[in-house]
Amino acid sequence: MLDRMEGKYDVVVVGGGPAGMGAALGARNSGAERILMLDREEEAGGILWQCIHSGFGLHYFREELTGPEYAQRFLEKVIDHDVDLATSSYVSGISVDSDGTKNVRVMNERQGLVTINTKAVVLSMGCRERTRGSIRIPGTRPSGILTAGLAQKLVNLKGYLPGRRVAILGSGDIGLIMARRLVLEGCEVVGVFEIMPYSNGLSRNVVQCLDDFGIPLHLSTTVAYIHGRDRVEKITVAPVDQDLKPVMSKARDIKCDTLLLSIGLIPENELSLSLGILMDVVTGGPRISSTLETSMPGVFASGNVLHVHDLVDFVTRESLLAGQFAGEWAQGVRRPDDNIRLLPGDNVRYCIPHTLSPEREHTIYMRCKEAMKPCRIRVGNLMEKKLRFVAPAEMIIFKIKPDLLDRFHDDSLRIDILPAKKGKRHGQS
Amino acid sequence: MVKAKEYTCIGCPIGCPLQLVHKGSKITEISGNECDRGAKYAKQEFTDPRRELSTTMEIVGARWRRLPVKVTGPVEKGRVLEAARRIHTVHVTAPVKIGQVLIKDFLGQKGIDVVACRTMEAIV
């Protein structure tokens, strides 16, 4: 029910984006009775409303949808399933009583500051964009410097153009997609500048968003200085050396009035930190068990708050599961602790979850450090799986069956990504 | 004369580098694709390149000032900008329902419409 928040809950979901909506539905599927989803925006649905391009839902809905279509379909499901929903509601803190009850402090215009009691919590606050401060671009501080996602909100929801002549730093997918959006809306995009020697976005986005419109992509190049008193007037760009330091002797100035930053995302974990739960320094999110439970019993996490995903469909899948486990926890289901630690090995940046239990099938989400093709994933001495390619921008997903873990008696399992074995052709087992 | 064209497949995240060899308008060979979608894409790109298009339209009387819309069929690549400009000349008034047809037979193509990608209630 919309705008209802009263009494005690079984599961409270913090954040109403794709992760929160998935978790709320998952909790409902588990049989938990009273579920509340909180969102600080005027409407739940999260970032999907402003992602007007298509490419969402191929896995979950089996058709290609735009972001708003995905959001609306999902939100209608959540509301149909009798989840209480409070929007314009900000969670300022969570505390845990000695008996395990969680107290969620919520602020909104209608009820002021209230404390909601719940048995379980799902953290699904998502992530936010890195800003100029996180990479310390030298120069003045004029207006006209904004993150790609903020520009997306201004253009796609509010109907404002952020500027006329736009440069984009970083080639993440949001940056590439915004380059096309701004051209379609009548801006001139002078170029996309990427410090790495490769694009951070998908090659199909480079083709459809840049090449189609003749927008140049300058690799191994960064913005070395921002000029302008009140408004951005120009930027100095320079190629970088092997240590990614700008080579100022080869620098040049480019006239523009706007600089968009598409330089990465950070899981938004202030609430998690205030709860004192254990964090993973690599993902920037909580450490979690195979039931997506954090180190605080009864507090679960899913979606981009946990690790930044490539596709909303994966967020949905993970969150349905987190909601399911949170709902079961609220109904008193207690599982034995996981007894296998998962360790990232060669060319593995991180893997999620952090621990496994031999009793269930597990889906492992991981990222590599460097691109490799062809290659194989080795999971301890339990299994090997061949892959056509891995790249840092592509999440790797695979399953570990319980019968494999049944025969495993160690307490830690190491995952490596290794070059394919020589002499064996791709496709053979 | 035999000539070659190069494309990057947009069918999936792998992004295969494709090479298409042709003699005039006749395709003689497509290589570099790891699956059938790549061959299909290269052929389409050579004969009649098209792109999906979604953009926004002005909406009056709703919570937001822009309504997300999409064209229900692929638009000729060379007319994408024109298509977007055309959509931007139109405005609608709330309420609008998801899937509602806002421009029928867009750019003179029978059965291809511009539709709303979300519902927007009227706000008083």
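Residues numbered from 1 in each chain as written. Chains lettered and ligands numbered in written order. Predicted model: local features only at pLDDT ≥ 70, side-chain atom pairs only at ≥ 80, totals over all residues.

A. Representation of the overall build of chain B. A tally of helices and strands in chain B yields 2 helices and 10 strands. Counting from the amino terminus, helix and strand elements in chain B follow one another as β-β-β-α-β-β-β-β-α-β-β-β. Rg of the C-alpha trace for chain B: 19 Å, well past the compact-globule value of 14 Å for 124 residues, more than 25% over. Taken along its principal axes, the extent of the C-alpha atoms in chain B is 65 × 30 × 20 Å. Per-residue burial for chain B yields a buried fraction of 29% across its 124 residues. (Helix = DSSP H or I, 4+ residues; strand = E, 2+ residues; numbered from the N terminus. Rg over C-alpha atoms; globule rule 2.2 N^0.38 Å. Buried ≥ 20, exposed ≤ 12 C-beta atoms within 10 Å, placed from the backbone.)

B. Expanded view of the overall build of chain A. Within chain A, the regular secondary structure consists of 9 helices and 27 strands. By the compact-globule yardstick of 22 Å for 429 residues, chain A fits well, its C-alpha radius of gyration being 23 Å. For the C-alpha atoms alone, the extent of chain A along its principal axes is close to 65 × 65 × 40 Å. Counting only residues that meet the buried cut, chain A has 49% of its 429 residues in that class. In chain A, the proportion of contacts linking residues at least 24 apart, taken out of those at least 6 apart, comes to 64%. (Contact = placed C-beta atoms within 7 Å.)

C. Seen up close, the interface of chain A and chain B. With 22 residues of chain A in contact, the opposing surface of chain B contributes 25 residues. Mapped onto the side of chain A that touches chain B, the elements with two or more residues apiece are helix H2 (67-80), helix H4 (148-158) and helix H6 (203-210) of chain A. No other element matches H6(A), which puts 4 residues into the side of chain A that touches chain B. Tallied by class, the residues present in the side of chain A that touches chain B amount to 7 nonpolar, 8 polar and 7 charged. (Nonpolar A, V, L, I, M, F, W, Y, C, P; charged D, E, K, R; others polar.)

D. Seen up close, helix H5 (residues 173-184) of chain A. Residues and elements named next belong to chain A. The terminal C-alpha atoms of H5, which comprises 12 residues, lie 17 Å apart, in line with the 16 Å expected from a rise of 1.5 Å per residue. Of all 12 residues in H5, 12 are buried; the element is thus mostly enclosed. Regarding H5, the residues found buried are Asp-173, Ile-174, Gly-175, Leu-176, Ile-177, Met-178, Ala-179, Arg-180, Arg-181, Leu-182, Val-183 and Leu-184. Gly-186 occupies a position one or two residues after H5 and carries a positive phi of about 100°. (Expected span 1.5 Å × (residues − 1).)

E. Focus on the domain arrangement of chain A. Domain annotation for chain A reports domain 1 (8-128 + 266-330), domain 2 (131-263) and domain 3 (340-419). Computed from C-alpha coordinates alone, the two centres of domain 2 of chain A and domain 3 of chain A are separated by 35 Å. (Domains from an automatic or database assignment.)

F. Region of the structure containing the packing of H5(A) against H6(A). Residues and elements named next belong to chain A. Two numbers describe how H5 lies on H6: the axes approach to 8 Å, and their chain directions differ by 15°. One finds that H5 runs roughly parallel with respect to H6. With respect to the hand of their crossing, H5 and H6 are arranged in left-handed fashion. Contacts between H5 and H6 involve Asp-173, Leu-176, Ile-177, Ala-179 and Arg-180 on the former and, on the latter, Asn-205, Val-206, Cys-209 and Leu-210. Looking at the contact of H5 with H6 residue by residue, the class counts come to 6 nonpolar, 1 polar and 2 charged. (Axes fitted to C-alpha atoms, helices over the stretch in contact; angles between N-to-C directions. Parallel < 35°, antiparallel > 145°, perpendicular 65-115°, else oblique. Left-handed = near helix turned anticlockwise from the far one by under 90°.)

G. Molecular detail of the domain arrangement of chain B. According to the domain assignment, chain B contains domain 1 (2-47) and domain 2 (54-116). If you average the C-alpha positions of domain 1 of chain B and of domain 2 of chain B, the two centres end up 31 Å apart.

H. Here's a closer look at the sheet that holds strand E14 (residues 221-227) of chain A. All names here are of chain A. Taken together, 3 strands build an open sheet; the order of strands is E14-E15-E16 and the sheet is antiparallel. At either end of the open sheet lies a strand with only one pairing partner, and these are E14 and strand E16 (252-255). For this sheet, the mean inter-axis angle between neighbouring strands, taken without regard to orientation, is 35°. Across 6 bridges, the pairing between E14 and strand E15 (residues 234-239) is antiparallel. What sits directly across from Thr-222, in E15, is Ala-238. (Pairing = 2+ DSSP bridges.)

I. Quick peek at the nonpolar core. Counting 137 residues, the largest nonpolar core has A:Val11, A:Val122, A:Ala179, A:Leu259, A:Phe300 and A:Ala326 as the members making the most contacts within it. Among the elements that make up this core, the one with the highest residue count is helix H8 (residues 312-330) of chain A (9 residues). Apart from residues no more than four positions distant in its own chain, A:Leu259 is found in contact with A:Gly144, A:Ile145, A:Ala167, A:Leu169, A:Val223, A:Ile226, A:Val232 and A:Ile235. Counting 10 residues, the second-largest nonpolar core is a separate cluster that includes B:Cys9, B:Ile14, B:Cys16 and B:Ala42. (Core = buried A, V, L, I, M, F, W, Y, C linked by C-beta atoms within 7 Å.)

J. Seen up close, the environment of A:Gly22. All names here are of chain A. Examined against the element boundaries, Gly-22 turns out to sit in helix H1 (residues 18-29). The spacing of Gly-22 and Ile-52 is 30 residues in sequence and 20 Å in space, taken between C-alpha atoms. Beyond its immediate sequence surroundings of up to four residues, Gly-22 is in contact with Val-315, Thr-316, Ser-319, Leu-320 and Gly-323.

K. Spatial organisation of the environment of A:Gly126. All names here are of chain A. Mapped onto the elements of the fold, Gly-126 is located in the loop between strand E8 (112-123) and strand E9 (127-129). On the basis of neighbour count, Gly-126 is assigned to the buried category, with 22 C-beta atoms found within 10 Å. Those residues in contact with Gly-126, other than ones at most four positions away along the chain, are Gly-15, Gly-17, Ala-19, Gly-46, Glu-268, Gly-303, Asn-304 and Val-305.

L. Up close: the pairing of strand E21 (residues 348-352) of chain A. Residues and elements named next belong to chain A. The buried fraction of E21 amounts to 4 of the 5 residues, a majority that puts the element mostly inside the structure. Sheet analysis places E21 next to strand E23 (residues 362-368), joined by 4 bridges and oriented antiparallel. Within the sheet, the bridge partner assigned to Tyr-350 lies in E23 and is Arg-367.

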